[in-house]
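# Architecture at a glance
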Amino acid sequence: MWVSILDRLAETSDGSDILIEAGAHGPEEILPRRRLFDLACLTARYFRSLGVKPGDRIAVLLPSGRHLLQTIFGAWASNAGICVLSPSVDAGRSSLSRERLDGMLRIVAPKIIVAGGGDAPVLGEMARRLGAVLLSEIDLPSEGEPCEPTPNQPEDLAFVQFTSGSTGEPDAVAITHRQLTMNVELTAERTGFSADDCMVSWLPIYHDFGLVVGTMMPIYCDARLVLVPTEAFTKNPLIWLRIMTRERATYSAAPPSAAAVVLKPVFTRRLLGVDLSSLRVVFFGAEPVSSSGVDEFETFFAQHGLARGVISAGYGLAEATLTVAVRAAGTARRLAWIDAEAFHNAGRIDLTAPESSGSFPLLSNGPPLPGVVVRIADESGGDLGDGVQGRILISSPMVTKCYLGSDEDPQPGGWLDTGDLGFVLDGEVYVAGRVKDVLIRAGATIHAHEFEEAASRAFPDLVQRAVAFSVPRVDNLRDMIVLGVELRRLPPPEVFTSELRAVIQRDLGFQVDEVVCLPKGSIPRTTSGKIQRGRARELYRIGELALGSTENSPMSASDVLTNDIIALIRALAQQGELPRDLKTATITAETTLEGLSLDSLGRMILLSALDESRGILIPSDILAPGMTLGELAAKIVSLQGAPA
């Protein structure tokens, strides 16, 4: 008999409590399952009084915590679909992101919007145009007589998930309750997750990785869930490791780029007491997973008890509810070493001995889940079979049947084109990259992320992140490959450029035409952290990405740090560490500390954050009356012994 996640919550109401860690929006809270179910029923009664009917949709923009869970399950108890969107609006969005949010809400057409109280000025007008009721978290009921929930039927809408938009505008994916529970069940069975486990998750619930695996899987399986507000991880990534240690976590999840943050020296010096020996599985997903990143993480944390093989790469996408393929519990992780020339020139998978000259590794994502069929096809849809790179097509009952606001059929002919390139080998799925992110040079193809990973590998202490894309040359003879790199500090530009190009030529056999140096925060990313290469290309073409090309206009170290300080102040304001009414949009290098109206506590918070980001102890007496942010940056650079 089919059982919904709401049914499971009601059945297991005496099971493990949900622990919600403290964050910027509230203290630590223990949420019993019975209490969550009662809150859901109370909220359903309230939603019904506001006109919500089965089949309606409710949008929520709240940080991870009780109010967000209450809204999700309250919507389901009303048999309404839920759409969880990024809550960063309460910290102030750019006009572009407000426009994007407005477009998303128009597609969802919610009956109710639930958001933080600070969002009212932005969301009020949007709600009025849509005829929606705007509620804040304080409007949600906490006492009263619960009603009986409206049963969820298998084909009823469970949630709307917007795709990441890493290669274009996001689509609104409609997922049913049957698809959600099937994906949760199969992922849990494949990976050995059960009621005896403890999941620690800081993943944003507005992302399918955080919603399906990080939150709903432990609730459905009656396992212990420790929910860490995403902003708490962003502020201090060590909280993830310390909570896993304290709670004896057995499962967790992270995108590789976020997991790599805790390997930075400023954090690795502060790992006293961290013990990861209880972990059985840590899912890496939501972005390409490199074998070198997995090895680095496991090798370093072996001294803190992490067992070899705990990291499990998985492949998933919103249109498939989430998981498409993942390694089974207790099986070995597979790594394929591939001849680079055959792969880039012909898409052929010629296996080589490990670490052979002219080869590169690709990590397997494991076999497809039961009921999921993966097919590798050429551009015209013809089968390529195993061992050849092509477009990844999937067929599965967990694939969405429609996009909201669009007549597009997600599965023409019964197959979803994922937009990814990869291959199948010995029944396991390997993903090489996105179709739209393929770069072509002299008839050979290479994936953009290979350039980006090569830059990060070559200069791990210098390169924050990188983005690669191609643009037409003026002479139209061939496209030009551009590599943008966000730098933590700037070395002598001629040396960096020549060394980076030499490394890429040596490792990949491809030439980069231009290297563009950027301050941290310049590369556009989605709300889930994925690099938006198409957006970066457009910014480059209109001259808004190249803030400092190494060939033409090198930035000084203090210029780079000034941009970092401005970005840090904006982030601290968004997280609520500094006053949210700071006019962050008008901050420049000439802005003084007095101009920011920071009190002594605010200055201490800023210095503490700079301590962590720079990895040095910055004396408190560095702040002088009338000092500008540019002068502060130059002073810190001089402490590090670098030329300003």
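This one's a predicted model, so the numbers in the text were calculated from it and none came from an experiment.

### Considerations on the overall build of the protein chain
What the protein chain contains, in helices and strands, is 19 helices and 26 strands. Within the protein chain, contacts between residues at least 6 apart in sequence are counted, and of these 69% link residues at least 24 apart. Of the roughly 26,000 Å² that the protein chain leaves accessible, carbon and sulfur atoms contribute 52%.

### Notes on the sheet that holds strand E13 (residues 311-316)
Overall, mixed pairing links the 8 strands, which are arranged E2-E1-E10-E9-E11-E12-E13-E14 in an open sheet. At either end of the open sheet lies a strand with only one pairing partner, and these are strand E2 (29-31) and strand E14 (323-326). Ignoring which end each strand starts from, the neighbouring axes of this sheet average 25° apart. Across 3 bridges, the pairing between E13 and E14 is antiparallel.

### A word on helix H6 (residues 177-191)
The terminal C-alpha atoms of H6, which comprises 15 residues, lie 21 Å apart, in line with the 21 Å expected from a rise of 1.5 Å per residue. When you tally the buried positions in H6, you get 11 out of 15 residues, the bulk of the element. All of the buried residues in H6 are His177, Gln179, Leu180, Thr181, Asn183, Val184, Leu186, Thr187, Ala188, Arg190 and Thr191. Remark: Gly192 follows H6 within two positions and exhibits a positive phi of approximately 80°.

### Looking at the pattern of salt bridges
Under the counting rule described, the total for this entry stands at 25 salt bridges. The closest approach of N and O atoms between Arg129 and Glu125, which form a salt bridge, is 3.7 Å. With a gap of 4 residues between them, Arg129 and Glu125 both fall in helix H5 (residues 120-130), about one helical turn apart. Arg391 is the partner of Asp417 in a salt bridge, and the nearest nitrogen-oxygen pair spans 2.9 Å. A residue pair is termed long-range when its members are at least 10 positions apart, and Asp417 in strand E20 (residues 416-425) and Arg391 in strand E18 (residues 390-395) qualify at 26 residues. When salt bridges with common partners are traced through the structure, they connect Asp102, Arg106, Glu125, Arg128 and Arg129 into a single cluster.

### Let's talk about the nonpolar core
One finds Phe73, Trp240, Leu241, Phe283 and Phe297 to be the most contacted residues of the largest nonpolar core, which totals 117 residues. Not counting residues up to four positions away in its chain, the partners in contact with Trp240 are Val200, Trp202, Phe233, Ser252, Ala253, Ala254, Ala259, Val262, Val282 and Phe297. Of all hydrophobic cores here, the second largest spans 24 residues; its members include Ile446, Leu462, Ala466 and Ile504.

### Section: the packing of helix H3 (residues 66-77) against helix H7 (residues 208-220)
Contact pair H3 / H7: the axes reach a minimum separation of 13 Å and the direction vectors enclose 70°. Taken together, the axes of H3 and H7 are roughly perpendicular relative to one another. On H7, the residues touching Leu69, Ile72, Phe73 and Trp76 of H3 are Leu211, Thr215, Met216 and Ile219.

### Some details on the packing of aromatic side chains
Going through the model one piece at a time under the given rule, you end up with 16 aromatic pairs. Consider the rings of Phe423 and Tyr430, whose centres lie 4.9 Å apart with planes at 5°: the pair is stacked. Both residues of the pair, Phe423 and Tyr430, count as buried. Residue placement shows Arg8 over the ring face of Tyr220; its charged tip is 5.2 Å from the ring centre. For the cation-ring pair, Arg375 lies above Trp415, with the distance from its terminal atom to the ring centre recorded as 4.6 Å.

### A look at the environment of Ala536
Relative to the assigned elements, Ala536 resides in helix H16 (residues 533-541). Since its relative accessible area comes to 0%, Ala536 is described here as buried. Ala536 sits 12 residues away from Pro524 along the chain, and the two C-alpha atoms are 6.2 Å apart.

### Looking at unusual backbone geometry
In this structure, Asn79 takes a positive phi of about 60° despite not being glycine. As for its position among the elements, Asn79 is in the loop between H3 and strand E4 (81-84). On the accessibility criterion, Asn79 (8% relative accessible area) is buried. Unlike most non-glycine residues, Arg248 shows phi in positive territory, near 55°. Note on placement: Arg248 falls in the loop between helix H9 (238-247) and strand E11 (251-254). Overall, Arg248 belongs to the partly exposed group, its relative accessible area being 37%.

### So, the packing of helix H2 (residues 33-49) against H3
Two elements in contact, H2 and H3, have axes whose closest approach is 7 Å; the angle formed by their N-to-C orientations is 60°. Handedness of the H2/H3 crossing: right-handed. Here Leu36, Leu39, Ala40, Thr43, Ala44, Phe47 and Arg48 of H2 come into contact with H3, specifically with Arg66, Leu69, Gln70, Thr71, Phe73, Gly74, Ala75 and Ala77. Here the residues of the contact of H2 with H3 are counted per class, giving 9 nonpolar, 4 polar and 2 charged.

### Examining the pairing of strand E8 (residues 172-176)
Here E8 lies mainly inside the structure; 5 of its 5 residues are buried. Burial along E8 is two-sided: Ala172, Ala174 and Thr176 facing one way and Val173 and Ile175 facing the other are all buried. Examined bridge by bridge, strand E7 (residues 157-162) and E8 share 5 bridges and lie antiparallel to one another. Directly across from Gln161, in E8, lies its bridge partner Val173. The sheet contact formed by E8 and strand E19 (residues 403-404) spans 2 bridges and is antiparallel. Residue pairing across strands places Val173 opposite Tyr403, the latter belonging to E19.

Parameters at a glance
- Residues numbered from 1 in each chain as written.
- Predicted model: local features only at pLDDT ≥ 70, side-chain atom pairs only at ≥ 80, totals over all residues.
- Heavy atoms only, no water.
- Helix = DSSP H or I, 4+ residues; strand = E, 2+ residues; numbered from the N terminus.
- Contact = heavy atoms within 4.5 Å.
- Areas by Shrake-Rupley, 256 points an atom, 1.4 Å probe, with all protein chains shown as cover.
- Pairing = 2+ DSSP bridges.
- Axes fitted to C-alpha atoms, helices over the stretch in contact; angles between N-to-C directions.
- Expected span 1.5 Å × (residues − 1).
- Buried < 20%, exposed > 50% of the residue type's maximum accessible area, 1.4 Å probe, protein only.
- Salt bridge = Lys/Arg side-chain N within 4 Å of Asp/Glu carboxyl O.
- Core = buried A, V, L, I, M, F, W, Y, C linked by side-chain atoms within 4.5 Å.
- Parallel < 35°, antiparallel > 145°, perpendicular 65-115°, else oblique.
- Phe/Tyr/Trp six-rings, centres within 6.5 Å; stacked < 30°, edge-to-face > 60°.
- Lys NZ or Arg CZ within 6 Å of the ring centre and 35° of its normal.
- Left-handed = near helix turned anticlockwise from the far one by under 90°.
- Nonpolar A, V, L, I, M, F, W, Y, C, P; charged D, E, K, R; others polar.

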